[in-house]
Structure formats: structure tokens, C-alpha cells
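Chain by chain, the residues run as shown.
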Amino acid sequence: MDSEPTSRRLQPSVSDNTGYSGESNRNQPTLVGADDDIQPVVSFVLPTMNEEAGIKECIQRATRALEELEVTGEIIVSDDSTDATPEIARAMGAVVVEPDAPGYGYAYRYAFNTARGELIVMGDGDTTYNFEELPKLLNRLSETDADIVLGSRLAGEIKDGAMPPLHKYIGNPLLTWFLNTFYDAGVSDAHSGFRVVRKEALERLELESDGMEFASEMIMDAASKGLTIEEVPITYHEREGEATLESFTDGWRHVKFMLVNSPGYLFSLPGIVLGIIGSLIMGLGYTGTSVAGQPFGIHSLIAGSLLTLLSYHIGSFGLLSEISSDPIQESRDPITKWVRQHFTLERGILVGVGLISIGSLMVGIFLSRWIQSGFIVLPPLRGDIVAFTLIVVGIQTIFGSFFMSILSNE
């Protein structure tokens, strides 16, 4: 990169693609308005809802950060307040926009259309984040050539009373673990609201959520697109004003959003696991094998059959989800990939007919033996269970293939 990794003097440069270099220009004003012709380097975007108790201090901190960095910037307040928040923000030189729909995520997406800086700084307007720590984030951005830098609360310091224990020890770590598991994000605090994003990286992201899950969506989409995400420890402070976060409701929104955008983990993986277990139990039950002195019998065979059918249902949902929607994270298991690459309606019908034929042949043999015995010797129940399991799976395969064909327009 053109700038020194440890430089705290960042200024726009047309000679590189970073949006800034190591040189400063004191002739430019620190804070510019929407009508100014000067192109800002940094755009602060603050979504607010009745933040009159803290918005003044937040803007002051943001301005001091720009002064320390000696770069020009703008502060955009995306407001949905009924108090004096927008008036205070305008009086302090911020650009106030009013989204035409509610929601934390929508407030950000609406304001992004106004932001002119090459670097977008995201943060809340309630004093929980000290924007004077911005140089730390920008230095990491410069050192690593990252696309996004998060301020990690969990790797830094959380002031007393700033975060409820439920969020600190359970909610945020658990949600971050989910996100890292599903999307390989490799972050310690996925839901930190203090982050810096290069505008060119932001334009690559396909952000659509309106609620609090927006924070997860950004990291999920960035990780799935191979963007570089870095972190630096920050201090998290107690907020000014009343909290608007609803712990369980907003937490569930995050989990739901991660699951529905990762059908491989929601459907395919459970389907494969249940299929392996079900097939194993069916095999043990059919052969009457004993394990640790305990024989597997007809009841185990029935249980295995039900698990196998259930696994087929769940696994097929994964395929249908990926075909009918555009999930952020596609399934990565080899079975789902292979089916998606090689599926055609004709092949699906052939597989279904084959399964039905095998099951029907087994039923025919059993029925023939029963008739030959003069209806005295009953057909083997074990064989019937296996045969009818194959027939049911075959029928599902045929109709499922037609449905997949309809969804994929083949």
C-alpha cells in the first residue's frame, strides 16, 4: 500500500485505491456538509432513534477523530426519532436523512446511498462506542489492506453496566460462534456496531435486511464473498438514554437469518446425519445383529425406516431451498453439490422408478411365497418394511424431481 502501516495521518489520494495516503492536508475543513463540493474521505453513518441524550457527544467524538486523523469527513445521521435528535445533529453540522421505512438495517441502507466517503464508518448514536478510537481501526485497515475492520468489544474492554451479562457471556459469544461455524468469518465479535467498511467493498455486498440482523448479514455476505475482515479491540461504554434492543426477539432474528441463509447447515447436514443413522439401524434390525449383547429387532428396523424417511424429507428441503432462493451460503456437502450439478428431471424419474421397482420386486417375491404357501406362511415383516421404505422414497424422488424441475425452470 502507498501509506505507512502505522500512519495516523490519512488523507485522500488519487494515486492509489485505498481512499487515503499518509499525507495530511490542513487546508481542507474537517467536517463537510451535503452541499459542499469537497469530497469527504470518511463518512460516519449513525442510525438514531430518540438519541438526544447522546448524539451530541457522539458527533463531538467523531469530529475529534477526524481532526486527529487530519482528514475531511461527513457525519450522516439516519434518523427515526420523535425527540430532538435530528435538530441537535443538524446544529452540529451533521447531515440528517429520514428513512421512509422503519428498521435498524434499513436506516443504514438508506443512508449508504447518501454517503460520499471512500471509507464508511458505522456506529451507534448512544455513546456506547467512542469514535475517537477510529484511528486504531483505520491503522488496521491500512496494515492489512482489509475490506472491513470491526471494533471488537469482546476482545477489548466492556465497561461496568455497558452490556448485560446475558449478552456478554451468552448472547454475543453464541451468535458469533454460530456465524463463524456457518460462514467461516473468523471474528470474535460479529455483532459489534463499530466498524469501518471500504465503499468499494460495500458496493459488492448484497445487503437486504431491515432489522437488527443487518449486522450479521454484512459479515455473512462479506465472508461468503471472500472479503477480508479484521478486528481491533475497543472499549464499550454505557449508553446514554433508553435501550431499544430486545434481547430475545433480536437474538432470534439473528439466529433465524443465519439459518435460513445457510440451508446446508439447516437441512442438508441434519438430513445426511439422520440418513446415516437410519440406514445403520435398519441394517442392524434387518439382520438381527446384536450389539453389546442386545439384539436389534423389528422395532429397531421400524425406527430406522422412519429415520431414513425423515432424513430424505429434510435433505430434500436443502436442495429445494437452494434452487428456490438465493442463500448467502450455499451447501458445501458433496452430496448436495453432486445432485445440483447432475440433476435433471429425467435422471430423477429414473432413480425414483428404480427404487420403486426394487421395492415392488421384493413385495412381489414375498407375496408370491405367501400365495404358494396357501396363505399360511406370512411374508417376512422385516422384508416388507425395507421394501415399502424403498417404494416411498422412490415415489418422493419422482414427485420431488418434478418440483425441483419447476423451481429451476428446466
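Treat the numbers as computed from the prediction; the structure is a model and nothing was measured.

Draft legend 1. The arrangement of a nonpolar patch on the surface in detail. Together, Leu166, Tyr169, Ile170, Leu174, Trp177 and Phe248 make up a nonpolar patch on the protein surface, roughly 710 Å² of accessible area in all. Topologically, Ile170 is positioned in helix α5 (residues 165-183). The partly exposed category is assigned to Ile170, whose relative accessible area is 48%.

Draft legend 2. A look at the sheet that holds strand β5 (residues 148-158). One open sheet holds the seven strands; their spatial order is β3-β2-β1-β4-β6-β5-β7, and the pairing between them is mixed. The open sheet terminates on both sides in strands that have one partner only, identified here as β3 (95-97) and β7 (229-236). Averaged over neighbouring strand pairs, the angle between their axes works out to 25° when direction is ignored. Pairing of strand β4 (residues 119-122) with strand β6 (residues 195-198), which is carried by four bridges, proceeds in the antiparallel orientation. In the sheet register, Met122 faces β6, and the bridge partner there is Arg195. Along the sheet, helix α3 (residues 104-112) makes contact with β1 (42-48), β2 (73-79), β3 and β4, crossing β1 at roughly 150°.

Draft legend 3. Representation of the pairing of β5 within the structure. Across three bridges, the pairing between β5 and β6 is antiparallel. Paired with Leu150 across the strands is Arg195, a residue of β6. The pairing of β5 with β7 spans seven bridges and is classified as parallel. Residue pairing in the sheet places Ile158 in a bridge with Tyr236 of β7.

Draft legend 4. Highlighting the confidence of the model for the chain. For the chain, mean pLDDT is 87; residues scoring 70 or higher make up 91% of the total. By mean pLDDT, helix α11 (residues 334-342) is the weakest element of the chain at 81, and β4 is the strongest at 98.

Draft legend 5. Layout of the packing of aromatic side chains. The full count for this structure, using the stated rule, is 15 aromatic pairs. Centroid distance Phe182 to Tyr265: 4.6 Å. Interplanar angle 25°. Geometry classified as stacked. Taken together, the positions of Phe182 in helix α5 and Tyr265 in helix α9 (residues 263-287) put the pair 83 residues apart, joining distant regions of the chain. Classification of Phe182 by relative accessible area gives buried; the value is 8%. Overall, Tyr265 belongs to the partly exposed group, its relative accessible area being 28%.

Draft legend 6. Molecular detail of unusual backbone geometry. Despite not being glycine, Asp184 shows a phi value in the positive range, around 55°. Locating Asp184 in the fold gives a position in the loop between α5 and β6.

Draft legend 7. Inspection of the side chain of Arg61 at higher detail. Note on placement: Arg61 falls in helix α1 (residues 55-69). A relative accessible area of 10% places Arg61 in the buried class. Excluding anything up to four places from it in sequence, Arg61 contacts Thr127, Tyr129, Asn130, Phe131 and Glu132.

Draft legend 8. Fine view of the packing of α9 against helix α13 (residues 381-408). Between α9 and α13, whose axes approach to 9 Å, the crossing angle comes to 150°. Considering their axes alone, α9 and α13 lie roughly antiparallel with respect to each other. The handedness of the crossing between α9 and α13 is left-handed. Note on element contacts: α13 touches α9 through Arg382, Gly383, Val386 and Thr389, opposite Met282, Gly285 and Tyr286.

Draft legend 9. Seen up close, the pattern of salt bridges. As enumerated under the stated definition, the model contains 17 salt bridges in all. A salt bridge links Glu206 to Lys225; the shortest N-O distance between them is 3.2 Å. One end of the pair, Glu206, is in the loop between α6 (199-202) and α7 (214-224); the other, Lys225, is in the loop between α7 and β7, and 19 residues separate them in sequence. Accessibility expressed as a relative area gives 26% for Lys225, which makes it partly exposed. Among the salt bridges present, the one from Asp221 reaches Lys225, with a minimum N-O distance of 2.7 Å. One continuous salt-bridge network, built from bridges that share partners, spans Glu51, Asp126 and Arg239.

Rules of the game
Residues numbered from 1 in each chain as written. Predicted model: local features only at pLDDT ≥ 70, side-chain atom pairs only at ≥ 80, totals over all residues. Heavy atoms only, no water. Patch = residues over 30% accessible without salt bridge, like charges linked within 9 Å, V, L, I, M, F, W, Y side chains within 5 Å. Areas by Shrake-Rupley, 256 points an atom, 1.4 Å probe, with all protein chains shown as cover. Salt bridge = Lys/Arg side-chain N within 4 Å of Asp/Glu carboxyl O. Helix = DSSP H or I, 4+ residues; strand = E, 2+ residues; numbered from the N terminus. Buried < 20%, exposed > 50% of the residue type's maximum accessible area, 1.4 Å probe, protein only. Pairing = 2+ DSSP bridges. Axes fitted to C-alpha atoms, helices over the stretch in contact; angles between N-to-C directions. Contact = heavy atoms within 4.5 Å. pLDDT = per-residue confidence, 0-100. Phe/Tyr/Trp six-rings, centres within 6.5 Å; stacked < 30°, edge-to-face > 60°. Parallel < 35°, antiparallel > 145°, perpendicular 65-115°, else oblique. Left-handed = near helix turned anticlockwise from the far one by under 90°.

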